[in-house]
Amino acid sequence: MKRIDMTGLIEKYSEKYRKAGKKEKSRILDEFIELTEYNRAYASLDMYQKPALHEKKIEIEQDLQMM
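For clarity, every value in this text was computed on a predicted model and none was experimentally measured.

A.B. asks: Quick question: what am I supposed to make of the overall build of the chain here?
C.D. replies: If you tally the helices and strands in the chain, you get three helices and zero strands. When its helices and strands are written in sequence order, the chain yields α-α-α. Counting across all 67 residues of the chain, residues that qualify as buried make up 30%. Considering only contacts within the chain whose residues lie at least 6 apart along the sequence, 42% involve residues at least 24 apart.

See the structure below:
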């Protein structure tokens, strides 16, 4: 899977994950792990923390392109 595809996949699942209840989070995590083959603990952290990091990365890339 390409890096750009993984980023989109993480963003898609992380939005669902943050809004879901405990049982739904478990189901979402199981599905995400099956697709990505990530470790369960890493995947849950990744989905919980990534959006802010992705936004910062996009802002930095846009700033660099403007230069």
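More follows now that the structure is in view.
A.B. asks: Help me understand the nonpolar core, please; the structure alone is not making it clear to me.
C.D. replies: One recurring pattern in soluble globular proteins is that nonpolar side chains are buried together. Tyr13, Ile28, Leu29, Phe32, Tyr38, Ala43 and Met47 are the most contacted members of the largest nonpolar core, which has 13 residues in total. When contributions to this core are tallied by element, the ones reaching two or more residues are helix H1 (3-19), helix H2 (22-36) and helix H3 (40-66). In terms of residue count, H1 provides more of this core than any other element does, five residues in total. Ignoring anything within four residues of it in the chain, the contact list for Met47 reads Tyr13, Ser14, Tyr17, Arg18, Ile28, Leu29 and Phe32.

A.B. asks: Looking at this structure, how should I read the packing of aromatic side chains?
C.D. replies: The relative placement of two aromatic rings is captured by the distance of their centres and the angle of their planes. Going through the model one piece at a time under the given rule, you end up with three aromatic pairs. Ring geometry for Tyr13 versus Phe32: centroids 5.5 Å apart, planes at 55°, classification tilted. Of the two residues, Tyr13 sits in helix H1 while Phe32 sits in helix H2, which places them 19 residues apart along the sequence. For Tyr13, a relative accessible area of 4% translates into the label buried. Among the residues examined, Phe32 registers a relative accessible area of 0% and is labelled buried. Plain terms: the ring middles of Phe32 and Tyr38 are 5.6 Å apart, the flat faces sit at 85° to each other, and that makes the pair edge-to-face.

A.B. asks: Teacher, can you tell me more about the side chain of Asp46 here?
C.D. replies: Within the fold, Asp46 resides in helix H3. When near neighbours in sequence (up to four residues on either side) are disregarded, Asp46 contacts Ile10 and Tyr38.

A.B. asks: Teacher, can you tell me more about unusual backbone geometry here?
C.D. replies: Across residues other than glycine, the phi torsion is negative in most instances, and most of the peptide bonds are trans. Despite not being glycine, Glu37 has its phi angle at roughly 65°, a positive value. Following the sequence through the fold, Glu37 ends up in the loop between H2 and H3.

Scoring rules and cut-offs
Residues numbered from 1 in each chain as written. Predicted model: local features only at pLDDT ≥ 70, side-chain atom pairs only at ≥ 80, totals over all residues. Heavy atoms only, no water. Helix = DSSP H or I, 4+ residues; strand = E, 2+ residues; numbered from the N terminus. Buried < 20%, exposed > 50% of the residue type's maximum accessible area, 1.4 Å probe, protein only. Contact = heavy atoms within 4.5 Å. Core = buried A, V, L, I, M, F, W, Y, C linked by side-chain atoms within 4.5 Å. Phe/Tyr/Trp six-rings, centres within 6.5 Å; stacked < 30°, edge-to-face > 60°.

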